[in-house]
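If you want the building blocks of each chain, they are given just below.
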Amino acid sequence: MVEMPQCIGCGAVIQTENKDELGYAPASSLEKETIICQRCFRLKNYNEIQPVSLTDDDFLRILNGLGEQQGLIVKIVDIFDFNGSWLPGLHRFVGKNPVLLVANKVDLLPKSVKEKKVINWLKREAKALGLKPVDVMLVSAHKGRGMAEVVEAIEAYRNGKDVFVVGCTNVGKSTFINRIIKQATGEGEVITTSHFPGTTLDMIEIPLDDGSALYDTPGIINHHQMAHYLDASELKYIMPKKEIKPKVYQQNAGQTLFIGALARFDFVQGERSAFTVHVANDLPIHRTKLEKADALYAEHKGELLAPPSKEFIEQLPELVRHEFSIKEAKTDIVFSGLGWITAQHANVVIAAYAPKGVQVFIRPSLI
Ligand code: GDP
């Protein structure tokens, strides 16, 4: 095999096959004496970070490297897909470095959601998962909400040291960093890229005022994300674009809701109750009788029950049943990456189905 050259910017090994992965450069660039990957090229010429992804093994290598550096780690998660966008094991690698947890896409939450409750929930979850962040903040990188506060917090917590931004693919890390670049440099200033000192960590360096730098790491593909089971053409249905509009269903025990063919919600036992569905506004919800639900799914998935459509339904892992006995009124049943259903009343038994690998869990309502 011919050994491929490295990018003179970030040090990634150049490849010409996959645009979304690290080190991509068009084949024509191989003829040049010095080669720069597309991600570094865009940063250099347009002051813009482009998303790239990495395999798990490569990420472990980067995480290992982080432990050897000193600085602030900014971990970005998708508020809508908290579990799907968590980086398991990060806390074992960060060493003594402080971690600032930033939850993105806050613009998607319905207005009725209380931000304080969201932050408390995030703090509890982080702790349960072994991470003790110095702070938890909510932002919308897309709309710019909360960004000034985060930039201020980064300045305060980094203590004159470097900043490393980490996150799964799709959490909005690139959008976030592009915001910071714009705030830090204004228009037109050229940003440089360079090798990470000593090692090849495939990070992109954005210089900060005092000689320190902010580093963008590649996004990690988390295989449990619902998004990976859908074709790009169908992703738009599950990823909310706008603030979610809650839909209320008055259900009797023995009724079932289907969310496309992606999830199923059985009301198994309890008095007539209200369930409020929080998913992307365009996702079709289908109501049926529990006793007919299995047959309906078998016959109509990919058609009446979609997305995914017929073409992609076979790629979707089988739905797995998770039963919960809900003791408290206002409990959310969360389908990671898809949304959640709030049980408004106490003492109900429900069963939530999601594709194998996608997490389903309950939490006190955020509203
Ligand atoms: P990366 O893979 O983490 O670098 O993510 P990107 O920055 O490419 O964003 C992934 C997707 O999330 C894109 O479709 C963005 O438009 C969207 N996105 C990013 N930030 C936000 C946000 O604050 N709110 C919403 N609603 N969408 C966002």
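Residues numbered from 1 in each chain as written. Predicted model: local features only at pLDDT ≥ 70, side-chain atom pairs only at ≥ 80, totals over all residues. Heavy atoms only, no water.

### Concerning the site of the ligand
- Taken together, the neighbourhood of the ligand is formed by 16 residues, with Asp107, Asn170, Lys173, Ser174 and Thr175 sitting nearest.
- One nitrogen or oxygen atom from the main chain of His142 is found 3.0 Å from an oxygen atom belonging to the ligand.
- Backbone polar atom of Gly172 to an oxygen atom of the ligand: 2.9 Å apart, as the coordinates give it.
- A per-element tally of the shell around the ligand places helix α6 (residues 173-185) first, with three residues. (Near = heavy atom within 4 Å. Polar contact = N/O pair within 3.5 Å; in protein donor to acceptor, adjacent residues only side chain to side chain. Helix = DSSP H or I, 4+ residues; strand = E, 2+ residues; numbered from the N terminus.)

### Side note on helix α4 (residues 115-128)
- For α4, which comprises 14 residues, the first-to-last C-alpha distance of 20 Å matches the rise-based estimate of 20 Å (1.5 Å per residue) to within 8%.
- Those residues of α4 lying buried are Val118, Ile119, Trp121, Leu122 and Ala126. The arc that holds the buried residues of α4, viewed along the axis, is 160°, so those residues lie on one side. Residues of α4 that are exposed and point more than 90 degrees away from the buried face comprise Lys116, Lys127 and Ala128.
- For α4, the secondary structure elements touched by its buried residues are β3 (99-104), β4 (135-138) and β18 (360-364). (Expected span 1.5 Å × (residues − 1). Buried < 20%, exposed > 50% of the residue type's maximum accessible area, 1.4 Å probe, protein only. Arc of directions from axis to C-beta. Contact = heavy atoms within 4.5 Å.)

### Considering the packing of aromatic side chains
- One pass over the full model with this rule turns up eight aromatic pairs.
- Centre to centre, the rings of Phe82 and Trp121 are 5.2 Å apart; their planes meet at 55°, and the pair counts as tilted. In this pair, Phe82 is assigned in the loop between β2 (71-78) and α3 (90-93) and Trp121 in helix α4, connecting sequence segments 39 residues apart. Both residues of the pair, Phe82 and Trp121, count as buried. (Phe/Tyr/Trp six-rings, centres within 6.5 Å; stacked < 30°, edge-to-face > 60°.)

### Remarks on the sheet that holds strand β11 (residues 263-269)
- Taken in spatial order, the five strands line up as β13-β10-β11-β17-β14 in an open sheet, and their pairing is antiparallel. Whereas interior strands pair on both sides, the edge strands pair on one side only; in this sheet they are β13 (285-289) and β14 (319-326). Taking the axes of each pair of neighbouring strands and ignoring which way they run, one obtains an average angle of 20° across the sheet.
- In this structure, strand β10 (residues 255-259) lies alongside β13, joined through five bridges in antiparallel fashion. Counted as the bridge partner of Thr256 is Thr288 from β13. (Pairing = 2+ DSSP bridges. Axes fitted to C-alpha atoms, helices over the stretch in contact; angles between N-to-C directions.)

### Some words on helix α5 (residues 147-158)
- Relative to the 16 Å expected for 12 residues at 1.5 Å per residue, α5 spans 16 Å between its end C-alpha atoms, a close match to the ideal helical length.
- Among the residues of α5, those classed as buried are Met147, Val150, Ala153, Ile154 and Arg158. Buried residues in α5, looked at end-on, bunch into an arc of 115°, giving them a common side. Of the exposed residues in α5, the ones pointing more than 90 degrees away from its buried face are Glu152 and Ala156.
- Residue Asn159 follows α5 closely and has a positive phi angle near 55°.

### A look at the pairing of β2
- Judged by how many residues are buried, β2 sits mostly within the fold: eight of eight residues are covered.
- Taken together, the six bridges between β2 and strand β5 (residues 162-167) define a ladder with parallel strand orientation. What sits directly across from Leu72, in β5, is Val163.

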